[in-house]
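Now for the letters of each chain:
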Amino acid sequence: MISQDLYDDCPVSNLTKSNLKKTQVREWTVEDSAVLYGLDRWGKDYFSINPAGNISISPKGRDKDNIDLMFLLQELNGRNLKAPLLLRFDDILEDRLKKLHEIFETAISKYGYKGHYQGVFPIKCNHQRHVVEKILNYGHKWNFGLEAGSKAELLIALALINNPEALLICNGYKDKRYIETAILARQLGKNPVVVIEQFDEINRIITSSKKLGAAPLIGFRAKLSSEGNGRWKSSIGEKSKFGLSVPEILKAVDKLKAAGLLQEVKLLHFHLGSQINDIAILKDALQEAGQIYIELKRLGAPMGYLDVGGGLGIDYDGSQTATAASTNYSLQNYANDVVATIQECCHTHNIEVPTLISESGRAIVSHFSILIFNILGTSSVSRDIPKKSSKECLPVENLRKTMMHIQEINKSSENSISRLQEAWNDAIKFKNDALNSFRLGYIDLPERAKAEELTWVCAQAVVDRLPENQLIPKELQELDTALAETYYANLSIFRSAPDTWAIGQLFPVMPIHRLNEKPTNLGHFADLTCDSDGKLGTFINNGQSKSLLELHKIKHNEPYWIGMFLGGAYQEVMGNLHNLFGTTNAVHIRLTNHREYKLDHVIRGNTKADVLTSMEHNPSELLERLRMSSELAIENGKLKINDAQRLLEHLETSLRQITYLHE
Ligand SMILES: *Cc1c(COP(=O)(O)O)cnc(C)c1O
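1. Quick look at the site of the ligand
Then step 1. Around the ligand there are 17 residues in total, and K124, S274, E359, G361 and Y570 lie nearest to it.
Then step 2. For the ligand, a nitrogen atom lies 2.5 Å from a polar atom in the side chain of E359.
Then step 3. G361 places a polar main-chain atom, nitrogen or oxygen, 2.8 Å from an oxygen atom of the ligand.
Then step 4. Protein coverage of the free-state accessible area of the ligand, which is 380 Å², stands at 91%.
Then step 5. Here the shell around the ligand is composed, by residue class, of 3 nonpolar, 9 polar and 5 charged.

2. What about the pattern of salt bridges?
Then step 1. Within this structure, the stated rule accounts for 28 salt bridges.
Then step 2. The residue E264 makes a salt bridge to R186 at a minimum N-O spacing of 3.1 Å. Here the residue E264 occupies a position in the loop between α11 (246-258) and β10 (265-269), and R186 occupies one in helix α9 (residues 176-187), the gap between them amounting to 78 residues.
Then step 3. Ionic pairing is found between K429 and D433, a salt bridge with its closest N-O pair at 2.9 Å. Of this pair, K429 and D433 both sit in helix α16 (residues 416-439), 4 residues apart, roughly one helical turn.

3. Observations concerning the nonpolar core
Then step 1. Grouped together as the largest cluster of nonpolar side chains are 150 residues, with contacts concentrated most on F47, L73, L87, F220, L268, V365 and F525.
Then step 2. Contacts of F47, omitting those with residues within four sequence positions, involve L39, W42, S56, I57, I92, H367, I370, F565 and L566.
Then step 3. With 27 residues, the next largest nonpolar core counts M403, I417, V463 and L479 among its residues.

4. Remarks on the packing of aromatic side chains
Then step 1. Tallying each qualifying case throughout the model produces 15 aromatic pairs.
Then step 2. When the ring of F47 is compared with that of F565, the centres are 5.1 Å apart and the planes differ by 65°; the resulting orientation is edge-to-face. Here the residue F47 occupies a position in strand β1 (residues 47-49), and F565 occupies one in the loop between β21 (561-564) and α22 (571-574), the gap between them amounting to 518 residues.
Then step 3. Here the aromatic rings of F373 and F525 are separated by 5.5 Å at their centres, their planes lie at 90°, and the arrangement is edge-to-face. With F373 in strand β13 (residues 369-379) and F525 in strand β16 (residues 521-526), this pair connects stretches of sequence that are 152 residues apart.
Then step 4. The class of F525 is buried, set by a relative accessible area of 3%.
Then step 5. By the ring-pair criterion, three or more aromatic residues cluster together here, those being F373, Y487, F525, F539 and Y560.
Then step 6. Cation over ring: K141 sits above W142, and NZ or CZ is 4.6 Å from the ring centre.
Then step 7. The ring of F438 carries R448 above its face, with NZ or CZ at 5.1 Å from the centroid.

5. Digging into the side chain of S437
Then step 1. As for its position among the elements, S437 is in helix α16.
Then step 2. With a relative accessible area of 15%, S437 lands in the buried category.
Then step 3. In contact with S437, not counting residues within four places along its chain, are P395, Y442 and I443.

6. Here's the deal with the side chain of E288
Then step 1. Residue position: E288 is located in helix α12 (residues 279-298).
Then step 2. Salt bridges are absent for the buried E288, whose nearest opposite-charge side chain, K223, sits at 12 Å.
Then step 3. When sequence neighbours within four positions are dropped, the list of residues in contact with E288 reads L224, S225 and S226.

7. Notes on the sheet that holds β1
Then step 1. The strand order across the open sheet built from 3 strands is β1-β2-β3, with neighbouring strands paired in antiparallel fashion. Every other strand in the sheet has two partners, leaving β1 and β3 (67-68) as the edge strands with one partner each.
Then step 2. Sheet topology note: the β1/strand β2 (residues 55-57) ladder contains 3 bridges and is antiparallel. By the bridge assignment for β2, I49 is matched with I55.

8. Looking at the sheet that holds β10
Then step 1. Read across the sheet, 8 strands follow the order β5-β6-β7-β8-β9-β10-β11-β12 without closing on themselves; strand pairing throughout is parallel. With one partner strand each, in any of the chains shown, β5 (120-122) and β12 (355-357) form the two edges of the open sheet. In this sheet, neighbouring strand axes are inclined to one another by 25° on average, regardless of whether the strands run parallel or antiparallel.
Then step 2. Two elements, strand β6 (residues 145-148) and strand β7 (residues 168-170), share 3 bridges in a ladder whose sense is parallel. If you follow A148 over to β7, its bridge partner there is C170.

Conventions used here
Residues numbered from 1 in each chain as written. Predicted model: local features only at pLDDT ≥ 70, side-chain atom pairs only at ≥ 80, totals over all residues. Heavy atoms only, no water. Near = heavy atom within 4 Å. Polar contact = N/O pair within 3.5 Å; in protein donor to acceptor, adjacent residues only side chain to side chain. Areas by Shrake-Rupley, 256 points an atom, 1.4 Å probe, with all protein chains shown as cover. Nonpolar A, V, L, I, M, F, W, Y, C, P; charged D, E, K, R; others polar. Salt bridge = Lys/Arg side-chain N within 4 Å of Asp/Glu carboxyl O. Helix = DSSP H or I, 4+ residues; strand = E, 2+ residues; numbered from the N terminus. Core = buried A, V, L, I, M, F, W, Y, C linked by side-chain atoms within 4.5 Å. Buried < 20%, exposed > 50% of the residue type's maximum accessible area, 1.4 Å probe, protein only. Contact = heavy atoms within 4.5 Å. Phe/Tyr/Trp six-rings, centres within 6.5 Å; stacked < 30°, edge-to-face > 60°. Lys NZ or Arg CZ within 6 Å of the ring centre and 35° of its normal. Lys, Arg positive; Asp, Glu negative; His and termini not counted. Pairing = 2+ DSSP bridges. Axes fitted to C-alpha atoms, helices over the stretch in contact; angles between N-to-C directions.

Take it as geometry only, folks, not as evidence of what the structure does.
Here it is, written out as structure tokens:
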């Protein structure tokens, strides 16, 4: 545990270079790193730092068996499984599933609820075969089922569910074939519930049921009027694209009754959007849905199931706040609210309580995968003072004077901020003078270079003198970012962390080793793609965010490995082939006995041949073209035979390898 005074000593929220300096007096410890990266807040269930300064993983839960992540990576390296690498800890998956059940069981016994909980996993969160199979496998004892939102997902669910008690919730828009498949699957002994999302699906259900002489289990997705919040707030409310409004539900009941299908209406569903940040939103929705459930029962539908959808959030930054990267409730609070609210609704109206279903995806799969990437190198602007020459142009001379002026400013003097601001304004002006003079041909390239270098020296001098605990003008605050180190990551964020780019999602990112060493740099990451959006430049910061992350100086000939955590939901399927970077290698790991592990599956990343083929290129044809042009070059005496051979061998080998850089 981290003692409180350490928090005070080293506040995570405004850790800047100057704060780092303040703690220099005593040695840096792994506890300092845990505080700095918020590990104890977002990761305490499974992750910690061991005395060697490495991340240690306890995949079966806190205080259970653990494994040193660096040890594991070295062992994987030995098998030629190198970064970037997706590690999937199936024990974590199992533990999360167990937790989900435990919270509902705890709430059910706490409130004396006379029904039970039966979850389904929404396949769209992580479609990978081994993931879906493992979830069904681990969840078998609780009759855990699946939720499908498309015909392709329906196919997965139908084929993989082999527990006759498990539910298959059929969401998404449905055509005739989707509905007929669900009806026939019911006769096969499965439990597909066709959840009506759109009013005209009712006609298709009625027609298909008549045609096949059999009916599906039917549910309604309600369009609630409760206000949503957060990023997916448009998933509910009157304008949402999903679900039936209350008048539509009433009409649907009439129609189904007339068609003799009302006795198949068993379920009411709503979904508030993913990552509900604020529990108050859920409470309102539960009350509204509870009332609709009771009305449906009164109208003669047998009912029996209330499906509260997804939305159970993840506290990515551990701040326990109703902000985008966090939640203001715990898992247990969530289950308590679901159970207590529905209990009260039904109790008041003397109606039997329903079986509760949740479609929690993010909450199950976020923790189990960790993306590991290596740093290829770093770059930063030069802080060296350029040598003075006998005759310097005026802008350079002025910049030198400005630099000396800044160096004389004492940071504890009363008006230091305004003096620094003034001096920085001067520096910018002189730099622009230099650029203009260069454009007009008055100064040469070396003079221009000097002007740029001196500007950076001025910027660094300003940053070094900014006083702590005072309001700093935005322009000066941002100098830190401009001066920061860029860490080049062997990664495509478009492939492996697309939500960081698409929706500004924050995941915890931190080095996974050297955590007993003080990180002395402030940096951000640039990925391999030729896209200026291909970067990681926003980091968790206890309810806020920060643009720079504390990182270590990389050492020559020693890898520097970074982990991105809690990214097990949505990232893989949303990832794209930008610049033709494909999937990374992925490894499923399970702990056996203490410190022993087993690789259950290794899923090879896309090779270059794979990504080329997916764009309709033919790798062997491409090779053949290059072979022909090399023959021509040999013929013209431009290329030696063995060099041509070497080129072709490089290309052939490269086609068989994954798309990332090799260490
Ligand atoms: C996406 C989705 C889910 C999963 O939501 P999470 O927040 O990941 O739990 C559940 N149900 C429906 C209908 C969805 O569209």
